[in-house]
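Structural overview for review
Each chain, letter by letter, is given below.
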Amino acid sequence: MPYSIEVHFDDITNAAIQDMWKLLSKNNIPCRALEKGFSPHITLVYGEITGDKKVKWDFLEKQKTFKFEFNTLAAFPDRGVLFLSPQKSNLLTELHKLHDANAEFSSMNKFYRTDLWQPHCSLASRLSQQQLEKCGHLFEDFQFPIEATCVSSNFVKYPRAEVLSSFQFLSE
């Protein structure tokens, strides 16, 4: 079973992203996140764990909530993934490095290691090139940026996206 550590957002950001998921679904674009009841997030670490299935959150004890912006719609065309791409954020990058260094996963997906990590919030996956193009048209009038506030890190078990534990960040 794969596990992840994800950064989660405030309620306003969640609602905006869920509205985008609903628009995709309404237009016959498969949206697994909506279908499976996922929460909007950015995955920081993803992989397997052979030992204890827990995270020691002490490395985040001083972590405060912070804001950043999603400023564009983008895709990983080779993987058929449509996503929201955030502006470059030192706070988000540092949060990822903290998680990457402290996660005790037995193996990690290479795309989530510090050298290759590209922060993103998935909107849809496993799409054909034609579906990706349709998505571009659906959102061509969408107003960016979307301001987001990171409020917690969650340890999640897949495939059901079951939150096993969570660490709430300190208020700014």
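So, how was this worked out
- Residues numbered from 1 in each chain as written.
- Predicted model: local features only at pLDDT ≥ 70, side-chain atom pairs only at ≥ 80, totals over all residues.
- Heavy atoms only, no water.
- Helix = DSSP H or I, 4+ residues; strand = E, 2+ residues; numbered from the N terminus.
- Buried < 20%, exposed > 50% of the residue type's maximum accessible area, 1.4 Å probe, protein only.

What follows deals with unusual backbone geometry. Backbone torsion omega between Phe144 and Pro145 reads 5 degrees, so that peptide bond is classified as cis. Assignment of secondary structure puts Pro145 in the loop between helix H4 (129-138) and strand E7 (146-157). The omega angle of the peptide bond from Tyr158 to Pro159 is 20 degrees, so this bond is cis rather than trans. Positionally, Pro159 belongs in the loop between E7 and strand E8 (162-168). Phi is positive for Asn28, which is not a glycine, with a value near 60 degrees. Positionally, Asn28 belongs in the loop between helix H1 (11-26) and helix H2 (32-35). Look at Asn28 and you get exposed, because its relative accessible area is 64%. One non-glycine residue, Ala161, lies in the positive phi region at around 60 degrees. Its location among the elements puts Ala161 in the loop between E7 and E8.

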